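Single-letter residue listing:
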Amino acid sequence: MPRQRTPAAKARIEGRHLINAGRFKRNEPTADAIGDPPKWLTGPQATAWREFAGELPWLNHSHRALLEIASVVRARLHSGEEVGTKALSLLRLCLSSMGATPADASKVSWAPEEETDDLLD
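Residues numbered from 1 in each chain as written. Predicted model: local features only at pLDDT ≥ 70, side-chain atom pairs only at ≥ 80, totals over all residues. Heavy atoms only, no water.

### Brief notes about the side chain of His63
Here is step 1 of the chain: With respect to the helices and strands, the residue His63 is situated in the loop between α3 (43–55) and α4 (64–79).
Here is step 2 of the chain: Among the residues examined, His63 registers a relative accessible area of 16% and is labelled buried. (Helix = DSSP H or I, 4+ residues; strand = E, 2+ residues; numbered from the N terminus. Buried < 20%, exposed > 50% of the residue type's maximum accessible area, 1.4 Å probe, protein only.)

### Focus: the nonpolar core
For soluble globular proteins, the rule of thumb is that nonpolar side chains tend to be buried together.
Here is step 1 of the chain: Ranked by internal contacts, the top residues of the largest apolar core, which has 16 residues, are Phe52, Leu56, Leu59, Leu67, Ala70, Leu91 and Met98.
Here is step 2 of the chain: For this core, the secondary structure elements donating two or more residues are α3, α4 and α5 (85–97).
Here is step 3 of the chain: With four residues, the single largest contributor to this core is α5. (Core = buried A, V, L, I, M, F, W, Y, C linked by side-chain atoms within 4.5 Å.)

### Side note on the confidence of the model for the protein
Here is step 1 of the chain: Residues at a pLDDT of 70 or more form 72% of the protein, whose mean pLDDT is 79.
Here is step 2 of the chain: Element-level mean pLDDT values for the protein span from 68 in helix α6 (residues 102–105) up to 94 in α4.
Here is step 3 of the chain: In the predicted structure, residues 28–32 sits below a pLDDT of 50 and forms five contacts with residues beyond four places in sequence or in another chain. (pLDDT = per-residue confidence, 0-100. Contact = heavy atoms within 4.5 Å.)

### Brief notes about α5
Here is step 1 of the chain: In this model, α5 (13 residues) spans 18 Å end to end at C-alpha, consistent with the 18 Å of a helix rising 1.5 Å per residue.
Here is step 2 of the chain: Along α5, the positions that sit buried rather than exposed are Ala87, Leu91, Cys94 and Leu95. Looking straight down α5, one finds its buried side chains confined to an arc of 100°; they lie on one side. Set apart from the buried face of α5 by more than 90 degrees, the exposed residues are Thr85, Lys86 and Arg92.
Here is step 3 of the chain: Following α5 by one or two positions, Gly99 has its phi on the positive side, about 75°. (Expected span 1.5 Å × (residues − 1). Arc of directions from axis to C-beta.)

### Section: the pattern of salt bridges
Here is step 1 of the chain: Taken as a whole and judged by the stated rule, the model has three salt bridges.
Here is step 2 of the chain: A salt bridge links Glu55 to Arg74; its shortest N-O distance comes to 3.2 Å. Residue Glu55 is found in helix α3, and its partner Arg74 is found in helix α4; the two are separated by 19 residues along the sequence.
Here is step 3 of the chain: Residue Glu55 is classed as partly exposed on the basis of its relative accessible area of 44%.
Here is step 4 of the chain: Linking Glu81 and Arg76 is a salt bridge whose minimum nitrogen-to-oxygen distance equals 3.4 Å. (Salt bridge = Lys/Arg side-chain N within 4 Å of Asp/Glu carboxyl O.)

### Details of a nonpolar patch on the surface
Here is step 1 of the chain: A cluster of nonpolar side chains, Ile69, Leu90 and Leu93, forms an exposed patch at the surface whose accessible area comes to about 250 Å².
Here is step 2 of the chain: Within the secondary structure, Leu90 sits in helix α5. (Patch = residues over 30% accessible without salt bridge, like charges linked within 9 Å, V, L, I, M, F, W, Y side chains within 5 Å. Areas by Shrake-Rupley, 256 points an atom, 1.4 Å probe, with all protein chains shown as cover.)

### Observations regarding α4
Here is step 1 of the chain: Over its 16 residues, α4 extends 22 Å from the first C-alpha to the last, a length consistent with the 22 Å expected when each residue adds 1.5 Å.
Here is step 2 of the chain: Taken residue by residue, α4 has Arg64, Leu67, Ala70, Ser71, Val73, Arg74 and Ala75 as its buried positions.
Here is step 3 of the chain: Elements in contact with the buried residues of α4: α3 and α5.
Here is step 4 of the chain: Two residues or fewer past α4, Gly80 is found with a positive phi of approximately 85°.

Have a look at this one:
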């Protein structure tokens, strides 16, 4: 059985992030990384988009297509509309792909690309 991951906050407290900095490297979330919802989304769907953007701060422009699908299904759930098992499976798949499930959230580690320091510059 593999060992569980040490959370980044615990690593900072214990000083492990100084010993192996690359292992516990995390990116600070940016508020507008995903952008505004597309114009074609209805009001409830756009609200679902904004909820996802607030809940998943690591989303960026490449997640927009998945977020559109998830927002449509979530809006149907919120409105009380009949949602079948296929739609719920699709929502679960989208959430998993975006790192929004408990099992996938621990795997999300995102950091901006660092510029290499060139001593000759």
